[in-house]
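These are the residues of each chain, in order.
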Amino acid sequence: MEAAHDVAAPGPVAVPLGATVLRDTGAPSTLGAIRESGAAAPREGGLLDRFGRVATDLRVSVIDKCNLRCTYCMPADGMPWLPQAQLMSTDEIRRIVRVAVQSLGAEELRLTGGEPLVRKDLEFIIAGIREDNPDLPISMTTNAVGLDRRAQALKDAGLTRVNVSLDTLHPETFAELTRRPHLDKVLAGLQAARAAGLGPIKINAVLLRGINDTEIVPLVDWAVSNGFEMRFIEDMPLDGDRSWTATNVISAHDIRTEIETAFSLAPDPRGRGAAPAERWEVRRPGETAVAGHVGIISSVTEPFCSACTRTRVTADGKVRSCLFSHEETDLLSTLRSGADDEGIAQVWRDAMWAKPRAHGSDRVGLARADFVQPERTMSAIGG
């Protein structure tokens, strides 16, 4: 569920080292308001923002390219990939992760894209991160196309587990959603991941009205039967076609209601913490034993921004403090300028201090009248 810039995205812009990139989107500038107020980021410690949240969940995109063209993520054609020179190298990714963990207190890492498996050096990236951080949980979000050939090598390199994007179990619907006929390859990748011990395996499905919204119960049944955790994600305004509307969102409430036509749900007693998914125990009718778990990520109808602990780095080394931000901070140029680890860490602290309250601004709500969709699509941002 990831890949490159939207068709209308502007070309690269030269900026001072460590500068925040402001995009002319018509959206209010959080950074500008902070500068006017005179507020300053901490000079030591972790990634604290103005609302008391501390980012410990690191998401790093390793590439903007993808081998699928999911409709909720990118347009069918016209995706200009980043030039190789603008992508973070193996060693640069390794160093950025090391700074995040050892200087800024990151506690877990998720590798994203585009599609991470498109990178030929992915095993080397993971091995280097693992060498620097022996106890760091390292997960990866992938569409699993090609995972059947690499799952064991990735596990051996130090990958802990995978989240696999899979929106349907029907080949025709899969081809409609992804614009590629690769369902069999995804299923083969899943089996290889399980054989390699890359678990627990979570399945991510974005529900789209009139396309796969009738598959909620079949997906849960299939996932539970195979030992996977099913996770449903509300459709978000990060698509390349700019066709998102709030009225087409399958809400968390409706998802739960549909699941309960075939299963009983109970809140996971372990609690949610800062996780993006609200988790539920799944039981089959008439059974007391827990058959499995399901998670629902409800960014649109039940926002969880007040507990957000995520910090994101794009494939070209930009810090995004919020998935819906209109501003990015150039971390890679700071690194390439010769800055030491503390210099990189401080640029990162400054970026996260400016994190908006929710959904790219200090006003909550993706369906509000003044919401402006970010220029970058999900594919270019990285999950």
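The structure we're discussing is the one just above.
A brief structural summary.

Reading guide: rules and limits
Residues numbered from 1 in each chain as written. Predicted model: local features only at pLDDT ≥ 70, side-chain atom pairs only at ≥ 80, totals over all residues. Heavy atoms only, no water. Helix = DSSP H or I, 4+ residues; strand = E, 2+ residues; numbered from the N terminus. Buried < 20%, exposed > 50% of the residue type's maximum accessible area, 1.4 Å probe, protein only. Contact = heavy atoms within 4.5 Å. Areas by Shrake-Rupley, 256 points an atom, 1.4 Å probe, with all protein chains shown as cover. Core = buried A, V, L, I, M, F, W, Y, C linked by side-chain atoms within 4.5 Å. Phe/Tyr/Trp six-rings, centres within 6.5 Å; stacked < 30°, edge-to-face > 60°. Salt bridge = Lys/Arg side-chain N within 4 Å of Asp/Glu carboxyl O.

### Things to note about the overall build of the protein
Secondary structure summary: the protein contains 11 helices and 15 strands in total. Across the 383 residues that make up the protein, the buried fraction comes to 59%. In the protein, 75% of the contacts between residues at least 6 apart in sequence involve partners at least 24 apart. With the model as given, the accessible surface of the protein reaches about 15000 Å², and the carbon-plus-sulfur share is 53%.

### Quick notes on the nonpolar core
One broad rule of soluble globular proteins: the nonpolar side chains tend to lie buried together. Core analysis: the biggest nonpolar cluster contains 102 residues, and Leu111, Phe232 and Trp348 have the highest contact counts within it. When near neighbours in sequence (up to four residues on either side) are disregarded, Leu111 contacts Val60, Val62, Pro116, Leu122, Ile126, Ile129, Ile138, Ser139, Met140 and Thr141.

### Notes on the environment of Ala157
Among the structural elements, Ala157 can be located in helix α4 (residues 151-157). The class of Ala157 is buried, set by a relative accessible area of 13%. Taking the C-alpha atoms as reference points, Ala157 and Ile126, 31 residues apart in sequence, are found 5.9 Å from one another. Look past the residues within four positions of Ala157 in its chain and what remains in contact with it is Glu123, Ile126, Ala127 and Arg130.

### A look at the packing of aromatic side chains
A full pass over the atoms with the stated rule returns 1 aromatic pair. Between Trp222 and Phe228, the ring centres sit 5.4 Å apart and the planes meet at 55°, which makes this aromatic pair tilted. Here Trp222 falls in the buried class, since its relative accessible area comes to 18%. With a relative accessible area of 4%, Phe228 lands in the buried category.

### A short note on the pattern of salt bridges
Under the counting rule described, the total for this entry stands at 19 salt bridges. The partner of Arg53 in a salt bridge is Asp49, with the nearest N and O atoms 2.7 Å apart. Under the relative-accessibility criterion, Asp49 is labelled buried at 2%. Note that Asp132 and Arg94 form a salt bridge whose closest N and O atoms lie 2.8 Å from each other. Taken together, the residues Asp132 in helix α3 (residues 122-132) and Arg94 in helix α2 (residues 90-102) connect sequence positions 38 residues apart. The class of Asp132 is buried, set by a relative accessible area of 18%. Salt bridges sharing common partners tie together Arg94, Arg98, Glu131 and Asp132.

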